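Close look at the chain arrangement
Chain by chain, the residues run as shown.
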Amino acid sequence: MKKKIAVIYGDGIGREVTEQAIKALDAVAEVYNHTFIYERGLLGAEAIDATGEPLPHKTIDIAKKSDAVLFGAVGDPRFDNNPAAKVRPEQGILAIRKELELYSNIRPVVSYKSLNHLSPLKLRNIEQVDFVIYRELSSGIYFGEHYTNNNGGTAHDVCTYNVHEIERIAHSAFRTAQQRHKKLHLVDKANVMETSRLWRKTVTEVARQYSDVELKFMYIDNAAMQLIINPGQFDVILTENLFGDILSDESGAITGSLGLLPSASLGSKIGFFEPVHGAFNEAAGKDIANPVGSILSAAMMLEFFNMPEEADLVKQAVSWTLNSGFVTRDIDSVNYYYTSTIGDLISDFILGKIPDAVNKSNIELMKSTII
Ligand SMILES: NC(=O)c1ccc[n+]([C@@H]2O[C@H](COP(=O)([O-])OP(=O)(O)OC[C@H]3O[C@@H](n4cnc5c(N)ncnc54)[C@H](O)[C@@H]3O)[C@@H](O)[C@H]2O)c1
Ligand SMILES: CC(C)[C@H](C(=O)O)[C@@H](O)C(=O)O
Ligand SMILES: [Mg+2]
């Protein structure tokens, strides 16, 4: 099969983690005789530097002509430390989500048994964590009016949702729940916010079409706590844009590192695949960032291409690598490996060169590459 993939590295560690995902995709292409054609586009601070804009038209064109987009990260301390900047890297990612109508941001969270002892959370709480967050991605407070008045003394960020925006992601989340453990938590702040009450009303209506799925409501503040004390209770979490952003980073702590989490953003046509994490600028260029979130995002892209066997192979390669102790510094601060080494091991596994090729002696050899 032939697929066109727009590749947007963005900023910080975006390039180095995405390069590992491309290694995995290239290995898959070789094994299954697919052709993946990549075309690069600019977004974020790299695009501002090159063109003055966070999302140049050319990038939108490249994305729209592709079957999917593989994205790294945006963000740069030059802008983070300058709240007065009017043009910002993050505007690029928000604009492309809107442009491609990516309303459904799917963020799976799965714990790895072999890494549980390295998680900052107590072991008993993280065994068998396997849930997925459905985060609404193209509306809510992110896309409401943002302005200041009163001579800069008052700031406004307006949160708006309509029934259509809630219904379309609710249907996606319910369909997924039907294929999983048939439990769906709607996370909101309906005790305070009008938009949350609209979410409850609309999702309750949608739920009538999915009578086999158990619908529960949970307030966001409680959900933030429940994720830490009992994450195993969740199957599908459905929530609005801002709450989903926050809960998904929190979920990174459950699995052991934010660097492990992938995401797919879907809408009407083009799929957009990016790790949950950001630009982690302090690590940029050091070959120490965790590439697994990006590689698993590539696996989600393969699922989107209707290549389930290929996606499974990538996931198996990731599991083998993590279970064998090949991890980056965020997971194990004592025995850790370079970003590129993890990418090589994963693509070797896909190519069938592993585990035979990795005998004890060259594991030791690779350990000597520790920084
Ligand atoms: N989707 C995105 O592109 C995205 C997401 C979040 C933040 N950002 C941007 O990134 C910049 C930095 O933001 P931040 O520090 O709040 O968030 P971040 O996700 O970049 O990093 C937060 C922390 O998570 C850990 N981490 C993140 N990714 C990792 C990886 N691959 N491997 C190992 N550890 C990893 C690091 O400890 C890091 O300090 C900001 O400019 C922000 O706006 C972009
Ligand atoms: C960079 C930022 C705009 C973005 C968001 O808030 O959606 C990020 O945190 C994410 O989770 O993808
Ligand atoms: Mg985020």
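The model shown is predicted, which means the values in this text are computed figures rather than measured ones. (Residues numbered from 1 in each chain as written. Chains lettered and ligands numbered in written order. Predicted model: local features only at pLDDT ≥ 70, side-chain atom pairs only at ≥ 80, totals over all residues.)

Every residue near ligand 2 is listed here: Val-74, Glu-90, Ile-93, Leu-94, Asp-245, Val-276 and Gly-278. The element that contributes the greatest number of residues to the shell around ligand 2 is helix H5 (residues 89–99), accounting for three residues. (Near = placed C-beta within 6 Å. Helix = DSSP H or I, 4+ residues; strand = E, 2+ residues; numbered from the N terminus.)

As a matter of local geometry, ligand 1 sits amid 21 residues, with Gly-75, Gly-259, His-277, Gly-278 and Asn-290 nearest to it. Its residues placed into classes, the shell around ligand 1 shows nine nonpolar, eight polar and four charged. (Nonpolar A, V, L, I, M, F, W, Y, C, P; charged D, E, K, R; others polar.)

On to unusual backbone geometry, then. For Asn-33, which is not a glycine, the phi torsion comes out positive at approximately 60°. Positionally, Asn-33 belongs in the loop between helix H1 (14–32) and strand S2 (35–40).

With that settled, the discussion passes to the sheet that holds strand S4 (residues 102–110). The strand order across the open sheet formed by ten strands is S2-S1-S3-S12-S11-S4-S5-S10-S8-S9, and the pairing between neighbours is mixed. Both edges of this open sheet fall to S2 and strand S9 (214–219), since each of them pairs with a single strand only. Each strand of the sheet is rotated relative to its neighbour by a mean of 25°, with strand direction disregarded. Against the sheet, helix H7 (residues 163–179) engages S4, strand S5 (130–136), strand S8 (183–188) and strand S10 (236–239), with an angle of about 165° to S5. Here helix H9 (residues 220–229) sits on the sheet and contacts S8 and S9; the angle it forms with S9, its principal contact strand, is near 105°. (Pairing = 2+ DSSP bridges. Axes fitted to C-alpha atoms, helices over the stretch in contact; angles between N-to-C directions. Contact = placed C-beta atoms within 7 Å.)

On to the packing of helix H11 (residues 292–304) against helix H12 (residues 308–323). Remark: H11 packs on H12, axes separated minimally by 7 Å, with the N-to-C direction vectors making an angle of 165°. Regarding the angle of H11 to H12, the classification is roughly antiparallel. Two packed elements cross with a definite hand, and for H11 against H12 that hand is left-handed. Contacts from Val-292, Ile-295, Leu-296, Ala-298, Ala-299, Leu-302 and Glu-303 in H11 reach Pro-308, Glu-310, Ala-311, Val-314, Lys-315 and Val-318 in H12. Class assignment of the residues belonging to the contact of H11 with H12 gives a composition of ten nonpolar, no polar and three charged. (Parallel < 35°, antiparallel > 145°, perpendicular 65-115°, else oblique. Left-handed = near helix turned anticlockwise from the far one by under 90°.)

So, on to the domain arrangement of the protein. Entries for the protein in the domain assignment read domain 1 (1–105 + 256–371) and domain 2 (120–255). Its C-alpha centre places domain 1 at a distance of 25 Å from the equivalent point of domain 2. Listing elements by their share of the side of domain 1 that touches domain 2, those giving two or more residues are H5 and S4. When residues in the side of domain 1 that touches domain 2 are grouped by element, the largest group, four residues, is from S4. Grouping the constituent residues of the side of domain 1 that touches domain 2 by class yields seven nonpolar, five polar and three charged. (Domains from an automatic or database assignment.)

With that settled, the discussion passes to the packing of H9 against helix H10 (residues 241–255). Axis separation between H9 and H10 bottoms out at 10 Å; the angle between their running directions is 15°. Judged on the interaxial angle alone, H10 and H9 are roughly parallel. In this structure, H9 meets H10 at a crossing whose hand is right-handed. Residue-level contacts link Ile-220, Ala-223, Ala-224 and Leu-227 of H9 to Phe-243, Leu-247, Glu-250, Ser-251 and Ile-254 of H10. Per-class residue counts for the contact of H9 with H10 are seven nonpolar, one polar and one charged.

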